[in-house]
Amino acid sequence: MSHTVAHVPPPLHGCVVLVVDATTGVGRRVTSQLCALGAAVAVVGAGHPGRGDDAATNAAFLCKELAGIGLIALPYQADVERPESFGVLSGQIAADLGPVAASVVVVPSASGGDELAPAFRVLSGVVAASLPAGAEHIEVDVGREGFGLEEAAQAVVERLVRLHERWRTPSG
């Protein structure tokens, strides 16, 4: 009698996702969940004025933590005050991990400063424009979503899983 064990890849295996503001709140939850589902995640620490920590260091620590449990995540840095710095990320990530299939930009709530949310929306547009054809772009507006961090993160992850299933399924 022969026993065969089928290897079923995780739902996001082979998917490269860029997550901006990936080191705290919704972005951190999205990053961790995407990695756990097999995605390779480009963790972008978004530096900005008024931030009480170092976004690049936080990105590096999160990636080290994820790598420590066998997940794939690489840190990247960009400056919210220089949106053009986000335009080159897609190419850098493609060279390191493969073509970006999706991006997630977390727009902070207005409590982070009146000018911060609009600045993140601008950079979200820059990121979207830099993606390869067919890549998905998701903007998560924390101040407008109307549900908690966990629910917001789960909605993003579920959307990407559904999209990735469609990308992997040949059209008939």
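Model, not experiment: these values are computed from the prediction. Chains are numbered independently. Their residues run from 1 in the order of the written sequence. Thresholds applied to this predicted model are a pLDDT of at least 70 for local features of residues and 80 or more for the giving and counting of side-chain atom pairs; totals over whole chains, interfaces and linings are not thresholded and use all residues. With hydrogens and water set aside, each side-chain value is computed from the structure's full complement of heavy atoms.

**Focus: the pattern of salt bridges**
Every case where a carboxyl oxygen of Asp or Glu lies within 4 Å of a side-chain nitrogen of Lys or Arg is listed as a salt bridge. In the structure shown here, the tally under the stated rule is five salt bridges. We note a salt bridge from Arg29 to Glu150, for which the minimum N-O separation is 2.8 Å. Here the residue Arg29 occupies a position in helix α1 (residues 25–36), and Glu150 occupies one in helix α6 (residues 149–168), the gap between them amounting to 121 residues. Only protein chains enter the accessibility calculation, which uses a 1.4 Å probe; a residue whose area is less than 20% of its type maximum is buried, one above 50% is exposed, and one in between is partly exposed. Residue Arg29 is classed as partly exposed on the basis of its relative accessible area of 32%. Classification of Glu150 as partly exposed rests on a relative accessible area of 40%. Of the charged contacts, one joins Arg159 and Glu136 as a salt bridge, the two residues approaching to 2.4 Å between their closest N and O atoms. Of the two residues, Arg159 sits in helix α6 while Glu136 sits in strand β5 (residues 136–141), which places them 23 residues apart along the sequence. Exposure remark for Arg159: the relative accessible area of 34% places this residue in the partly exposed category. The helix count covers DSSP runs of H or I at least four residues long, the strand count covers runs of E at least two residues long, and both are numbered beginning at the N terminus.

**Quick look at unusual backbone geometry**
One non-glycine residue, Asp21, adopts positive backbone phi at about 65°. Positionally, Asp21 belongs in the loop between β1 (16–20) and α1. Accessibility expressed as a relative area gives 8% for Asp21, which makes it buried.

**Examining the nonpolar core**
Val17, Val19, Leu34, Val43, Val104 and Leu160 are the most contacted members of the largest nonpolar core, which totals 30 residues. Counting residues per element, the ones that place at least two in this core are β1, α1, β2 (40–47), α2 (55–68), β4 (102–107), β5 and α6. At seven residues, the largest contribution of residues to this core is made by α6. What Val43 contacts, discounting residues up to four positions off in sequence, is Val19, Ala22, Thr23, Thr31, Ala59, Leu62, Cys63, Ala73, Leu74, Pro75 and Tyr76. Each nonpolar core is a collection of buried residues, namely Ala, Val, Leu, Ile, Met, Phe, Trp, Tyr and Cys, held together in the definition by side-chain atoms within 4.5 Å. In terms of nonpolar packing, the next biggest core, distinct from the first, is built from 22 residues, Val20, Ala78, Phe86 and Leu116 among them. The criterion used for residue contact is that any of the two residues' heavy atoms lie within 4.5 Å.

**What about the packing of α1 against α2?**
Every angle, taken between N-to-C directions, lies between 0 and 180 degrees, and every axis is a line fitted to C-alpha atoms, over only the stretch in contact when it is a helix. Close contact between α1 and α2 brings their axes to 11 Å; oriented N to C, the two are set at 25°. Classified by the interaxial angle, the pair formed by α1 and α2 is roughly parallel. Note that α1 runs across α2; the crossing there is right-handed. Residues Arg28, Thr31, Ser32 and Cys35 of α1 form the contact with α2, whose own contacting residues are Leu62, Glu65 and Leu66. Grouping the constituent residues of the contact of α1 with α2 by class yields three nonpolar, two polar and two charged. Angle categories are assigned with fixed cut-offs, so that under 35 degrees is roughly parallel, over 145 is roughly antiparallel, 65 to 115 is roughly perpendicular, and the rest are oblique. The hand of a helix crossing depends on one turn: near helix anticlockwise from the far one by less than a right angle means left-handed, and clockwise means right-handed. Under the scheme applied, nonpolar residues are Ala, Val, Leu, Ile, Met, Phe, Trp, Tyr, Cys and Pro; charged residues are Asp, Glu, Lys and Arg; polar residues are all the others, including Gly.

**Points about the environment of Val100**
Inspection of the secondary structure assignment puts Val100 in the loop between α4 (89–96) and β4. A sequence separation of 31 residues divides Val100 from Leu131, and the C-alpha atoms of the two residues are 6.8 Å apart.

**Comments concerning the environment of Ala60**
Following the sequence through the fold, Ala60 ends up in helix α2. Sequence spacing of Ala60 and Gln77 is 17 residues, and the spatial spacing of their C-alpha atoms is 9.5 Å.

**Some details on the sheet that holds β4**
By definition, two strands form a pair when at least two bridges between them are found by DSSP. The five strands are arranged β3-β2-β1-β4-β5 in an open sheet whose pairing can be described as parallel. If you trace the sheet from one side to the other, it starts and ends with β3 (73–79) and β5, each paired once. Sheet twist, expressed as the average angle between the axes of neighbouring strands with direction ignored, equals 20°. Across the sheet, α2 is in contact with β2 and β3; its angle to β3 comes to roughly 170°. Along the sheet, helix α5 (residues 116–130) contacts β1, β2, β4 and β5; its crossing angle with β4, the most-contacted strand, is approximately 170°.

**Observations concerning the confidence of the model for the chain**
Across the chain, each position has a pLDDT score giving the predictor's confidence in that residue, from 0 to 100. Per-residue confidence for the chain gives a mean pLDDT of 85, with 84% of residues at or over 70. The element-level mean pLDDT for the chain is lowest in helix α3 (residues 84–87), coming to 82, with β1 highest at 95.

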